[in-house]
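Descriptive analysis of the structure
The residues making up each chain are set out below.
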Amino acid sequence: MSAPPRTATEAVEAIRAGQLSARELWLACQAAATDDELNAFTWVADADDGPNEEAAALPFAGIPLAVKDLFCTEGIPSQAGSRILRDYRPPYTATVVRQLLDAGASLLAKTNQDEFAMGSSNENSAYGAVLNPHDRGRVPGGSSGGSAAAVAAGIVPWALGTDTGGSIRQPAALCGIVGLKPTYGACSRYGMIAFASSLDQAGPLTRSVADAALLFSKMVGRDPCDSTSLAFPEAIELPRSERLDGLRFGVPDELTGEGVETGVRAAFEASVALVEQLGASVERCQLPHAPHALAAYYLIAPAECSSNLARFDGVRYGLRVDSQDGSLEEMYSRTRAEGFGAEVKRRVMLGTYALSSGYYDAYYGRAQRVRTKIAEDFRAAFERFDFILTPTSPTAAFELGARTSDPLAMYLSDFCTVPMSLAGIPAISIPNGASGGLPVGLQVVGPAFSEPRLLDAAHALELAHADRVKTIALPSPLRFEGNENGAAGARE
Amino acid sequence: MLDRDQVLHVARLARLELTHDEVERMSRELSAVLDHIETISELDLESVAPTSHVIEIANALRADEPRPSLSREVALAGAPAVAEEGFEVPTPGS
Amino acid sequence: MNLQPTIGLEIHVQLDTRTKMFCACELSFGEPPNTRTCPVCLGLPGALPVLNAQSIHFGLMIGHALGCELAPQSIFHRKNYFYPDLPKGFQISQYDAPLCRGGSLGDVRIDRVHLEEDAAKLNHVGVSGRIHGAGSSIVDFNRGGTPLVEVVTEPDLHDAEEARVWLALLAATMRQLGVSDVRMAEGSLRCDANVSLAPAGSGELGVKTELKNMNSFSFVKRGIEAEIARQRALLESGAEVVQQTLHFDPRSGNLTSLRSKEEAHDYRYFPEPDLVPIAIDEEMVQRAREAVGELPATRIARYEHLGLSAEHAHQFAFRPALGSFFEAVLSAADGASPRELATWTAHVAAALGERDPDASALEPAALAALVALVGAGRVAAGPARTVVLARLLSQGGDPARIVEQEGVGALDDDAGLADAVAAAIAEHPDAAERLRAGNAKAIGPIVGHVMRATKGRADGGEVTRLVHERLGL
Ligand SMILES: [Zn+2]
């Protein structure tokens, strides 16, 4: 093996071609994960637990996969980044993880995340902050920060994340990789420790659009254990488009104006020009209710989370803090006070308040109506356009600690990603060059269940972006036998 | 916007013990967030239906066929306190 | 002051599905604790509910049986509160979009019928070492997630006995539908009652209190009686009734206020995002309609129309096994009056006590044949019941043969009966004289004598006729 494969797709091909064994790749990734200095992992498999010979015949050929901590994995810690679930080992495995393992992925590691997926910087993890591989003084984004950092650093070929208001796309953008948030219902949520049930979706974090399509192709499907899942209406093929001829792109004023930092805006404008060069038309458009999306999101998500997190009560699993007076009430409130971090408490409080007697109509009820309007805005836009383009995040990666004391500023990180979550539609973030030496993401958005077209368009853009993206590529940390003298550089 | 008493009431509903400092901070931070959220009160949403599900599915029913349950050992494996084949808790109201 | 009580009931009934409401665990009937659980009904992180189709089918059957309007679209809500028997910190229930609305049973109107999941069982075990000094309890999740139907009535009941009878009708209806076997002692039917008193004819309702969790028909009656008495005493002394939730202790007969230390309940209901709406289609409605057989209320009306006494009509309608036996006797009988057959079926019930006729050796056709023998005067009613029926119940067989074997056949006039009558008149000359003088009651000793002499085989009517004939009356 001269150079490590750059993507999962290449790794599968190399194993098929006999140039690399699944075992070699496993050992290299396992060693890199063990040596990780980014705090990207909360659990790493033993070197001995790698793929067996038969795995090579499966679609994923035994290549390693990292999985966000909040996916339940039988007998393996699944802590959702929370102290309240320290060393919790579930008796079952999440459907999506099961499907990927059945397709021949090998579970290498669980990745660090913001506690219960609440956060945009990965600083809300009970297991410590994750560092951005491009600048260790900066955040990787969140909440799937560990997955994004691990993939960007080259430790694993790909990883599984979840996205509730941007938790795949934003860290993908801040780490310079690809992140897909699928249509709500495309992938089962069974076994995903819930944050906000009506918004949560699993999705891939990868180093190429083709990898995202490959991983996604085995994630989709109706799950009898998830009432809100649907059969995907078509097979997911590997994207091949190199052009965007005849496609219509809309650029919404509301998500590309104020608040987008200069470097991000410049990168965005460059990509708009690129889209036109590839044969597509680009027009400005309106999503009139998008500016209200964040407000609606920060009512709906906390409300659902306040209810979803009520099960962490010190009775059946996880942390319990005994009461001093022997009362049940005190056991509950002390367990939850010690088990939850500040951001989780904030959102549980906010959500409890939004649902409480006398406030439901003004807050939760209203937010659900705003949600209707946001979905209508997108439907109207997709009558005129095939796709919508926005920056993924209004800023590049910020410094650790920069926003921890200002929740509202942190929430604004999700400004460009939350509207699609509320509408339940798919969106992909792809690398879009750099701003001040830090990666920047481009978000491409399509109507519900348009993933095959969305991935195709993203693939064409990825090809066209290749030169700009190269500038942020990191060296691979993987070491193979016969290649002992140091990390191989990126292939290019 | 959200005063001390309201914070304590909500914390009680949510079964969260808050320190004195946390009560102050929560009051301040949640008020700031709620200020931002207030922007949706400007919208005219009178005739708009609320959205609970973004996708239109109905029923998703399961046939009434039993599947094996967990063994008690597995069910109790993660419990912080176990007694007499069950999950032990302080008696409510005592 | 003439105070009239007004009572509304809320009844929870466990449905007899095979599996729980939102997971595939089998329902538990006394299995060892915590052996019927899974990630869903333990509320494990990441687990999701999936609705049992049969619970909807049963809900629709109940709705249909009670004449409710079946909602084309209904949804589940989360009712949020903390309690150890509630693994998720919320109960999945229905709130403002229930499965069924309206309807009635008997003359009590139904407000709504909805579905929800049952809580787990919490057993107090006393002082534990771990939690110093305080009591400790054990949670068993076997029952958690059992499907429940909640039936809420309008306040159409006005006394405790009426409430008890109506609840029995509802229970019989559930049992007959086959949606629940309603074992009250095991808590499969639990009843709350809202009780208020107001001056009769005022057209107003007084302040109501809620009696929680009564699990037998007689407790319901006694609890309501006690609460009516309590409220009456308050109001008559000029005091006011305070709105509260009460617990009735059937042992002491005491009512205690469930004053919780908790803040007023704030359940923070919101639509359950993990479940999708239930959209009732024509096929589901049709299937439920077909599954609903004849209901007790309909049966009572039909039996009364056949000429049965109200008592027998209720008895057979509420005990489906008895009702079916009666129907079988009716169809086996040739021309006998249904009222007569019902009387004999009631004799069977009296003889068997709690046991159903199916559990005895008696065939419906044999009972019909026995009734026919009595009707034809071949055996007198007395020995038919005490001798023949008793043997049929224990051993079965042909009634005519039993009559013969036991020697209890009726005596006819040209044989010994005329002699027996003559002998009886001779034995009671005073009675004969008074009878001649027009005192009809005087016949008693003469007939009694004949009965004793014939060991009850004689037909009473025939004896009377012969006495009159002999005395030239
Ligand atoms: Zn279960």
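Just so it is clear, the model here is predicted, and its values are computed rather than measured. (Residues numbered from 1 in each chain as written. Chains lettered and ligands numbered in written order. Predicted model: local features only at pLDDT ≥ 70, side-chain atom pairs only at ≥ 80, totals over all residues. Heavy atoms only, no water.)

**Examining the interface of chain C and chain B**
Selection rule: Every residue pair with non-hydrogen atoms within 4.5 Å of one another is taken to be in contact. Throughout, the accessible surface (probe 1.4 Å) given up by two parts as they are put together, summed over both, is called the buried area. A pairing counts as a salt bridge when a side-chain nitrogen of Lys or Arg comes within 4 Å of a carboxyl oxygen of Asp or Glu. Here a polar contact is recorded for every N or O atom pair within 3.5 Å, except that within protein the pair must consist of a potential hydrogen donor and a potential acceptor, and residues adjacent in sequence are included only if both atoms are side-chain atoms. Numbering of helices and strands runs from the N terminus, with a helix taken as a DSSP run of H or I at least four residues long and a strand as a DSSP run of E at least two residues long. Charged means Asp, Glu, Lys or Arg here, nonpolar means Ala, Val, Leu, Ile, Met, Phe, Trp, Tyr, Cys or Pro, and polar covers whatever is left, Gly included. When DSSP finds at least two bridges between two strands, those strands are taken to pair.
Counting from both sides, the interface comprises 54 residues of chain C and, opposite them, 36 residues of chain B. In total, chain C and chain B occlude about 3,700 Å² of area from one another, counting both sides; carbon and sulfur atoms represent 57% of this. Taken together, the links from chain C to chain B amount to zero salt bridges. Remark: the boundary between chain C and chain B carries 25 residue pairs in polar contact (both at pLDDT 80 or more). Elements represented by at least two residues in the side of chain C that touches chain B include exactly helix 1 (53–65), strand 9 (121–127), strand 10 (135–140) and strand 17 (278–279) of chain C. Of the residues belonging to the side of chain C that touches chain B, the class tally is 31 nonpolar, 12 polar and 11 charged. Across four bridges, the pairing between strand 2 (residues 86–90) of chain B and strand 10 of chain C is antiparallel. Its bridge partner lying in strand 10 of chain C, F87 of chain B is registered against V139 of chain C.

**Things to note about the layout of surface pockets**
To be explicit about the condition: Note on definitions: the grid is 1 Å and covers protein atoms alone; a cavity is a set of points where a 1.4 Å probe fits but cannot get out; a pocket is an open set with protein on both sides within 12 Å along at least five of seven lines; lining residues have an atom within 4 Å of a point. Grid points are joined across faces, edges and corners, and a volume is the space filled by probe spheres set on the points.
Its boundaries defined by the atoms lining it, the second largest pocket holds a volume of some 1,000 Å³. Taken together, 44 residues form the lining of the second largest pocket, with Q368 of chain A together with P50, T51, S52 and H53 of chain B sitting closest to its centre. When grouped by side-chain class, the residues that make up the lining of the second largest pocket number 24 nonpolar, 12 polar and eight charged.

**Things to note about the domain arrangement of chain A**
Residues and elements named next belong to chain A. Note the cut-off: An automatic or database domain assignment supplies the residue ranges for each domain.
One can read the domain layout of chain A as domain 1 (8–245 + 427–439 + 447–491) and domain 2 (292–365). Domain 1 and domain 2 are separated by 29 Å when their C-alpha centres are compared. In this assembly, 19 residues from domain 1 lie in contact with 20 residues from domain 2. Of the roughly 1,600 Å² buried at the junction of domain 1 and domain 2 (both faces included), carbon and sulfur atoms supply 64%. Joining domain 1 to domain 2, the criterion identifies one salt bridge. Here E338 ties to R83 by a salt bridge, and the two come within 3.4 Å at their closest N and O atoms. If you look at where domain 1 meets domain 2, you find 10 residue pairs in polar contact (both at pLDDT 80 or more).

**Points about empty space enclosed by the protein**
Counted by the stated rule, this structure contains seven cavities of 30 Å³ or more. Estimated volume of the largest cavity: approximately 140 Å³.

**Considering the packing of helix 9 (residues 364–375) of chain C against helix 10 (residues 381–395) of chain C**
Residue and element names in this part refer to chain C. Selection criterion: With axes taken as lines fitted to C-alpha atoms, and helix axes fitted only over the stretch in contact, angles between N-to-C directions fall between 0 and 180 degrees. Under this scheme an angle from 65 to 115 degrees is roughly perpendicular, one under 35 degrees roughly parallel, and one over 145 degrees roughly antiparallel; angles in between are oblique. Here is the rule for handedness: rotate from the far helix to the near one, and if that takes an anticlockwise turn smaller than a right angle the crossing is left-handed, while a clockwise turn gives right-handed.
In contact at an axis separation of 11 Å, helix 9 and helix 10 are set at 160 degrees when each is read in the N-to-C sense. Taken together, the axes of helix 9 and helix 10 lie roughly antiparallel to each other. In this structure, helix 9 meets helix 10 at a crossing whose hand is right-handed. Touching A366, L367, L370 and V374 of helix 9 are A381, A384, V388, L389 and L392, all from helix 10. Of the residues that constitute the contact of helix 9 with helix 10, the class distribution is nine nonpolar, no polar and no charged.

**What to know about the nonpolar core**
Put simply, the rule reads: Remark: nonpolar core denotes a set of buried residues (Ala, Val, Leu, Ile, Met, Phe, Trp, Tyr, Cys) joined through side-chain atoms within 4.5 Å. Per-residue accessibility, obtained with a 1.4 Å probe over protein chains only, is compared with the maximum for each type, and a residue is labelled buried under 20%, exposed over 50%, and partly exposed between these values.
Counting residues in each nonpolar core, the largest one holds 299 residues, and the members touching the most others are F71, F116, F249 and F378 of chain A together with L9 and I224 of chain C. Filtering out sequence-adjacent residues up to four positions away, L9 of chain C remains in contact with V151, V152, T153, L157, A163, W166, L167, C191, D192, A193 and I224 of chain C. By size, the runner-up hydrophobic cluster in this structure holds 18 residues, among which are A424, I425, A442 and A458 of chain C.

**A word on the pattern of salt bridges**
By the definition in use, this model includes 47 salt bridges over all chains. Ionic pairing is found between D135 of chain A and R138 of chain A, a salt bridge with its closest N-O pair at 2.9 Å. Among the ionic pairs, R72 of chain B bridges to E85 of chain B, the shortest N-O distance being 3.3 Å. Highlighted residues: R72 of chain B in helix 3 (residues 72–76) and E85 of chain B in the loop between strand 1 (82–83) and strand 2, separated in sequence by 13 residues. Overall, the relative accessible area of 37% leaves E85 of chain B in the partly exposed class. Salt bridges here are not isolated pairs; linked through shared partners, they connect R189 and D226 of chain A together with R78, E272 and D274 of chain C.

**Let's talk about the coordination of the zinc ion**
All names here are of chain C. Heads up, the rule is: Metal coordination here is assigned from N, O and S atoms located within 2.8 Å of the ion, or within 3.2 Å for Na, K and Ca; omission of water means that sites may look incomplete. Sites are called tetrahedral only when four donors show all angles between 85 and 135 degrees, square planar or octahedral only when four or six donors show opposite pairs over 155 degrees and all other angles between 65 and 115, and irregular in any remaining case.
For the zinc ion, every protein donor is listed as C23 (SG), C25 (SG), C38 (SG) and C41 (SG), and the spread of their distances is 2.3 to 2.4 Å. Between the four donor atoms coordinating the zinc ion, the angles at the centre fall across 101 to 116 degrees, so the site counts as tetrahedral. In terms of primary sequence, the donors binding the zinc ion are separated according to C-x1-C-x12-C-x2-C. Linking C25 in the loop between strand 1 (3–14) and helix 1 with C38 in the loop between strand 1 and helix 1, this pair joins segments that are 13 residues apart in sequence.

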